[in-house]
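# Survey of secondary and tertiary structure
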Amino acid sequence: MLEKLKAVEVRYDELSQQLSEPEIISDPERLQKVARAHSELGEIVEAYHAYRKTLKDLENTRELLEGEKDSEMAEMAREEVAQLEAGLEQCEKNIHTLLLPKDPNDERNVILEIRAGTGGDEATLFAQDIFRMYTRYAEAKKWKTEIVSSNHSAVGGLKEIVATISGDHVYSRLRWESGVQRVQRVPDTETQGRVHTSAITVAILPEVDDVEIKISPEEIRIDTYCSSGPGGQSVNTTYSAIRITHLPTGEVVTCQDEKSQIKNKAKALKVMRSRLFERALREQQSEVAENRKSMVGSGDRSEKIRTYNFPQNRVTDHRIGLTLHRLDSILEGALDEVIEALIQHYQTEALREIKA
């Protein structure tokens, strides 16, 4: 491990030097790549320096303890040794975690898709609640949320909604949110106070550009139609809404959020590329996923991942057995505790696989 850390430190210093070279600074694309690589290695180098400092302090304190004749000072030294040993162990855990192979999609923005499932109108209202939860979480992280398309129900809920979320480390934080999410509560229309169960599906797709996923004009059919819903005077008067069908796969994406047909087309193509990218990933990783059943689920949107129980103010993530009795704050976007627990579990399982 130490040899690997030394190599990382050397590479980090090389990247630090490159960041000041004129030919790098004058090339925005290269500068962005170098800066991203420098930032990724910086955390590992910082942890390595903390490890070396703790190790040196531990060695010095042990030497001091060996030559200490005063009983009170010796006791203090022993306590410090115990603290430094615990600190060194924590440093090693941090380094092992940082050295885990990173998902190449971790830095990407995402396409968020939410669709109402079983439960009728109540499911659409729950879809609205969950979309609001994610937008609140995005606001807290200073991410940007932009709606691509939405379809509302008669009661004001969401039959489905597609949105982009952009910012730092979006996919790495939200990647485990894909799956079936359930709600258990008493609907407003329920006269006898019975708890109903409804469900929605959530999909988190890594956003990709046209260089990574190329869509040839022959593979798609583009239909235009009049927008419906909010939008001012242009609604039902201009053919600004776009429907794109990918003929080889049958994937369909619609977008009518913008008044401009060109902007709607660009948004729809972005979603289409992400769906095709996810489809390709699923095909490539199906065999790998079969060998990783011990992991925190597969991220498959058909997997039941979480239940929101209103009568008990409870949220349960079924993959890791996490239960929190603060549903109200979680629906307001306080998702960090759930997401951190998922990330920690995934990292623990990944470390266990590496050591096995």
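What counts as what
Each chain carries its own residue numbering, running from 1 in the direction its sequence is written. Residue-level local features of this predicted model are given only where pLDDT is at least 70; pairs of side-chain atoms are given and counted only at 80 or more, and the full residue set underlies all totals for whole chains, interfaces and linings. To get the side-chain values, all heavy atoms of the structure are used, and hydrogens and water are removed first. Helix and strand assignments follow DSSP, with helices taken as H or I runs no shorter than four residues and strands as E runs no shorter than two, numbered in order from the N terminus. Remark: exposure states derive from per-residue accessible area (1.4 Å probe, protein chains only) relative to the maximum for the residue type, with buried under 20%, exposed over 50%, and partly exposed in between. Two residues form a contact once any of their heavy atoms are found within 4.5 Å. Computed with the Shrake-Rupley method and a 1.4 Å probe, the accessible areas treat only the protein chains shown as cover for residues. A pair of aromatic rings is counted whenever rings of Phe, Tyr or Trp (Trp by its six-membered ring) have centres within 6.5 Å, and the orientation is called stacked for planes under 30 degrees apart, edge-to-face for over 60 and tilted otherwise. Working rule: Lys NZ or Arg CZ, within 6 Å of ring centre, within 35 degrees of ring normal, means a charge sits over the ring. Here the axes come from fitting lines to C-alpha atoms, over the contacting stretch only for helices, and the angles between their N-to-C directions go from 0 to 180 degrees. The scheme is simple: roughly parallel for angles under 35 degrees, roughly antiparallel for over 145, roughly perpendicular for 65 to 115, oblique for anything else. Rotating anticlockwise by less than a right angle from the far helix to the near helix defines a left-handed crossing, while the corresponding clockwise rotation defines a right-handed one. At least two DSSP bridges between two strands are required for those strands to pair. Residues grouped as a nonpolar core are buried Ala, Val, Leu, Ile, Met, Phe, Trp, Tyr and Cys residues, joined through side-chain atoms within 4.5 Å. The quantity called pLDDT is the predictor's confidence in a given residue, expressed from 0 to 100. Any helix carries an expected span of 1.5 Å times its number of residues minus one. The bend reported for a residue corresponds to the angle between axes fitted to the seven residues ending at that residue and the seven starting there.

Next up on the list: the overall build of the protein. Across its full length, the protein carries 9 helices and 11 strands. For the protein, the proportion of its 356 residues judged to be buried stands at 40%. In the protein, the proportion of contacts linking residues at least 24 apart, taken out of those at least 6 apart, comes to 61%. Approximately 19,800 Å² of the protein is accessible, and the part contributed by carbon and sulfur atoms is 49%.

Any two aromatic rings considered together are summarised by their centre-to-centre distance and by the angle between their planes. The full count for this structure, using the stated rule, is 3 aromatic pairs. Between tryptophan 176 and tyrosine 346, the aromatic rings sit 5.2 Å apart at their centres with planes inclined by 45°, giving tilted as the arrangement. Placement of tryptophan 176 in the loop between helix H6 (170-174) and strand E4 (179-185) and of tyrosine 346 in helix H9 (residues 336-355) is noted, with a sequence separation of 170 residues between them. The exposure class assigned to tryptophan 176 is buried, which follows from its relative accessible area of 6%. The exposure class of tyrosine 346 is buried, given its relative accessible area of 16%. The residue whose ring lies beneath arginine 175 is tyrosine 346, and the NZ or CZ to ring-centre distance is 5.3 Å. In this arrangement the basic side chain of arginine 185 is found over the ring face of phenylalanine 310, its NZ or CZ atom lying 4.7 Å from the centre.

To continue, consider the packing of helix H1 (residues 2-18) against helix H3 (residues 28-67). Contact geometry of H1 with H3 gives a least axis separation of 9 Å together with a crossing angle of 135°. The angle between the axes of H1 and H3 places the two elements in the oblique class. The interaxial crossing formed by H1 with H3 has left-handed handedness. Together, Leu2, Leu5, Lys6, Val8, Glu9, Arg11, Tyr12, Leu15, Ser16 and Gln18 of H1 and Val34, Ala37, His38, Leu41, Gly42, Ile44, Val45, Tyr48, His49, Tyr51 and Arg52 of H3 make up the contact between the two elements.

Each strand in a sheet pairs with another by means of backbone hydrogen bonds, the pair being arranged parallel or else antiparallel. On the basis of which strands lie adjacent, the open sheet formed by 3 strands has the order E6-E7-E8 and antiparallel pairing. Of all the strands in the sheet, just strand E6 (220-225) and strand E8 (251-255) have a single pairing partner and so form its edges. Here the average twist between neighbouring strands, direction ignored, is 15°.

Glancing now at the sheet that holds strand E5 (residues 196-206). Judged by pairing direction, the sheet is mixed, and its 8 strands sit side by side in the order E2-E3-E1-E5-E4-E9-E10-E11 without closing on themselves. Only two strands of the sheet have a single neighbouring strand rather than two, namely strand E2 (144-152) and strand E11 (322-324). The sheet shows a mean angle of 15° between the axes of neighbouring strands, taken without regard to direction.

The next subject is the nonpolar core. In terms of nonpolar packing, the biggest core is built from 37 residues, with Ile114, Ile130, Leu174 and Tyr308 touching the most fellow members. Within the residue set of this core, elements represented by two or more residues are strand E1 (110-116), helix H5 (121-140), strand E3 (158-166), H6, E5, E11, helix H8 (327-331) and H9. Examining the composition of this core, we find that 8 residues originate from one element, H5, more than from any other. Residues contacting isoleucine 114, with those up to four places away along its chain left out, are Ala127, Ile130, Phe131, Tyr134, Lys159, Glu160, Ile161, Ile200, Thr201 and Val202.

With respect to the helices, strands and loops of the structure, glutamate 89 is situated in helix H4 (residues 71-98). Exposure remark for glutamate 89: the relative accessible area of 45% places this residue in the partly exposed category. Counting along the chain gives 38 residues from glutamate 89 to tyrosine 51, while the straight-line C-alpha distance between them is 9.0 Å.

Further remarks concern the confidence of the model for the protein. Scored by pLDDT, the protein comes out at a mean of 85, with 89% of its residues at no less than 70. Per-residue pLDDT stays below 50 along residues 230-236; that stretch engages in 9 contacts with residues further than four places along the chain or on separate chains.

If you check H3, its first and last C-alpha atoms are 58 Å apart, about what 40 residues at 1.5 Å a residue would give, namely 58 Å. The largest bend in H3 amounts to roughly 30° and is located at glycine 42. All buried positions along H3 are accounted for by Val34, His38, Leu41, Gly42, Ile44, Val45, Ala47, Tyr48, Tyr51, Thr54, Leu58 and Thr61.

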